[in-house]
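# Inside the fold
The primary structure of each chain is shown beneath.
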Amino acid sequence: MVHFLTLKDYSREEILSLISKAIKYKRTPQSSISFSGKSIALIFEKPSTRTRASMAVAAYQIGVFPITYNWSELQLGRGEPIKDTARVLSRYHDAIAARVYFHNVLEELAEYASVPVINMLSNLFHPLQALADFMTIFEKFGGFKDVKIAFVGDGRDNVLNSLLIIANKLGVEIRIASPREYWPTENFLNEIGCRAVTITEDPIEAIDGANVIYTDVFVSMGQESEREKRLKDFLPSYQVNDRLVRFADQNFIFMHCLPAKRNEEVTDSVIEDVQHSVVWDQAENRLYTAKAVLSKLIYENI
Ligand code: CP
Ligand code: NVA
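What this report covers is the structure whose coordinates are included nearby. Residue positions are given per chain, counting from 1 as you read along its sequence in written order. A letter from A marks each chain and a number from 1 marks each ligand, given out in the order of writing. For this predicted model, a pLDDT threshold of at least 70 governs which residues receive local features, and a threshold of 80 or more governs which side-chain atom pairs are given and counted, while totals over whole chains, interfaces and linings are taken from all residues. Where side-chain values are given, they derive from all heavy atoms of the structure, hydrogens and water being excluded.

### Some thoughts on the nonpolar core
Counting residues in each nonpolar core, the largest one holds 62 residues, and the members touching the most others are F4, I40, M55, I118, F134, I149 and L294. Not counting residues within four places of it along the chain, the set of residues in contact with F134 comprises I19, F144, I149, L163, I166, A167, L170 and V172. Think of a nonpolar core as a cluster: buried Ala, Val, Leu, Ile, Met, Phe, Trp, Tyr and Cys residues, connected wherever their side-chain atoms sit within 4.5 Å. Classification of residues uses two cut-offs on accessible area relative to the type maximum, computed with a 1.4 Å probe and protein chains only: under 20% is buried, over 50% is exposed, and between them is partly exposed. Membership of the second largest hydrophobic core comes to 24 residues, among which are Y182, A248, F254 and I271. Any pair of residues with heavy atoms lying within 4.5 Å of one another is described as a contacting pair.

In structure tokens, the structure reads:
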């Protein structure tokens, strides 16, 4: 059974093929429309706008009926074991997608489900987002050659972890600027097979000549109790603002997975700068990459 949990187990070719399929769906939307009578469970333990909408619409358009479940409304919320839920939902659905607080919940779902399990974000990874981001980078630069990405912010961010996995497979350079306390550990980098990454405390060093500036919130879902400390640790040095972006390549793009906290990790001026900010394209591309992932897992996973 092929799942979609981290992308660690996907080859470079498989990732490139998902991106090129997504680009094909974007160019010729009718190429993906079908009806199959299949269905997918979309389970949310945390809030979501983009993932929820893009997965539901993508599934519907490729002929897979989406049913959205709030974690707390399922018996899961009253303590039914994850392994039992996995086995039961597998009897009705052709795939199970979940957004969870702890990544090991996805691993348990995958262990007991008899259908593919898709990670719609965990504390550790957000592969659907990273795939759409690399599709966006491909569109903006016509490929990945010589693209340098600077990630400024939380060095242990779930979106960053997934960007690192793909970047490493595609040979794309990533530099991380983060306070030392938030650097990824050596162990974690080894575990995700990430060999080439530059980590610095200095955002200017990371951004210097970069083609892509990427940031994410300083306080992710589930970290609300650390808000005060995190804002103190990241602000003002790691805010992507007009002063910092001047160090990037002049044709740089600004990326953010969204939702953004304006004037925390990014200023209004940078995110709204239509010349450089591609955040709405990233969000749109979630639809096409979701279709590519769903059709691979549901139609080719036999
Ligand atoms: N980027 C992203 O996953 O957004 P949502 O939390 O709105 O799904
Ligand atoms: N790092 C953020 C990403 C949201 C899409 C979070 O986990 O809240």
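Having seen the model, we can carry on.
### Regarding the environment of V64
Only DSSP runs of H or I with at least four residues qualify as helices, and only runs of E with at least two residues qualify as strands; both kinds are numbered from the N terminus onward. Along the chain, V64 turns up in strand β2 (residues 64–70). On the basis of relative accessible area, V64 is assigned to the buried category, the value being 1%. As a C-alpha pair, V64 and R286 span 222 residues in sequence and 17 Å in three-dimensional space. Look past the residues within four positions of V64 in its chain and what remains in contact with it is S36, K38, S39, I40, A59, I298 and Y299.

### Regarding the site of ligand 2
Residues are classed as near a molecule or strand on a simple rule: at least one heavy atom within 4 Å of it. Near ligand 2 you find L121, D157, N158, D216, V217, S220, M221 and L258, and these make up its full shell. Counting of polar contacts relies on pairs of N or O atoms within 3.5 Å, with two restrictions inside protein: one atom must be capable of donating a hydrogen and the other of accepting it, and residues adjacent in sequence are counted only when both atoms are side-chain atoms. One nitrogen or oxygen atom from the side chain of N158 is found 2.8 Å from a nitrogen atom belonging to ligand 2. In the environment of ligand 2, a nitrogen atom lies 2.6 Å from a nitrogen or oxygen atom belonging to the side chain of D216. Considering ligand 2 on its own, with 270 Å² of exposed area, one finds that the protein chains cover 95% of that surface. All residues other than Ala, Val, Leu, Ile, Met, Phe, Trp, Tyr, Cys, Pro, Asp, Glu, Lys and Arg, Gly among them, are scored as polar; the first ten of these are nonpolar and the last four charged. Across the shell around ligand 2, the residue classes break down as four nonpolar, two polar and two charged. The accessible surface values rely on the Shrake-Rupley method and a 1.4 Å probe; as for residues, cover is taken only from the protein chains in view.

### A closer look at the pairing of strand β9 (residues 253–256)
Where burial is concerned, the two faces of β9 agree: the one with I253 and M255 and the one with F254 and H256 are both buried. If DSSP finds at least two bridges between two strands, the strands pair. Two elements, strand β8 (residues 212–215) and β9, share four bridges in a ladder whose sense is parallel. Paired with I213 across the two strands is F254, which belongs to β9.

### Quick notes on the pattern of salt bridges
By definition here, a salt bridge exists when the distance from a side-chain nitrogen of Lys or Arg to a carboxyl oxygen of Asp or Glu is within 4 Å. For the coordinates displayed, the defined rule picks out 17 salt bridges. The salt bridge involving D268 is made with R262; its shortest N-O contact spans 2.6 Å. The salt bridge involving E272 is made with R262; its shortest N-O contact spans 2.5 Å. Remark: R262 occurs in the loop between β9 and α11 (268–271) and E272 occurs in the loop between α11 and α12 (279–299); sequence separation between them is ten residues. Among the ionic contacts, a cluster of salt bridges with common partners joins D154, E226 and R230.

### Focus: the site of ligand 1
Close to ligand 1 lie S48, T49, R50, T51, R99, H126, Q129, C257, L258 and R286, which account for all nearby residues. In this structure, an oxygen atom belonging to ligand 1 sits 2.7 Å away from a side-chain N or O atom of S48. For ligand 1, an oxygen atom lies 2.7 Å from a polar atom in the side chain of T51. Relative to its free-state accessible area of 250 Å², ligand 1 is covered by the protein chains to the extent of 96%. Considered class by class, the residues forming the shell around ligand 1 number two nonpolar, five polar and three charged.

### Considerations on the sheet that holds strand β3 (residues 95–99)
The strand order β2-β1-β3-β4 describes an open sheet built from four strands, whose pairing is parallel. The open sheet is flanked by β2 and β4 (117–119), the only strands paired with a single partner. Strand-to-strand, the axes of this sheet are offset by a mean angle of 20°, without reference to chain direction. Inspection of the sheet shows strand β1 (residues 38–44) paired to β2 by seven bridges, in the parallel sense. In this description, a line fitted to the C-alpha atoms serves as the axis of each element, helices being fitted only across the stretch in contact, and the angle between N-to-C directions of two axes falls anywhere from 0 to 180 degrees.

### Things to note about helix α2 (residues 50–61)
Helix span is expected to be 1.5 Å times the residue number reduced by one. Here α2 is twelve residues long and its end C-alpha atoms lie 16 Å apart, about the 16 Å a rise of 1.5 Å per residue gives. Within α2 the residues assigned to the buried category are T51, S54, M55, A56, A58 and A59. Contacts made by the buried residues of α2 are with β1, β2, β3, β4, α5 (127–141) and α12.

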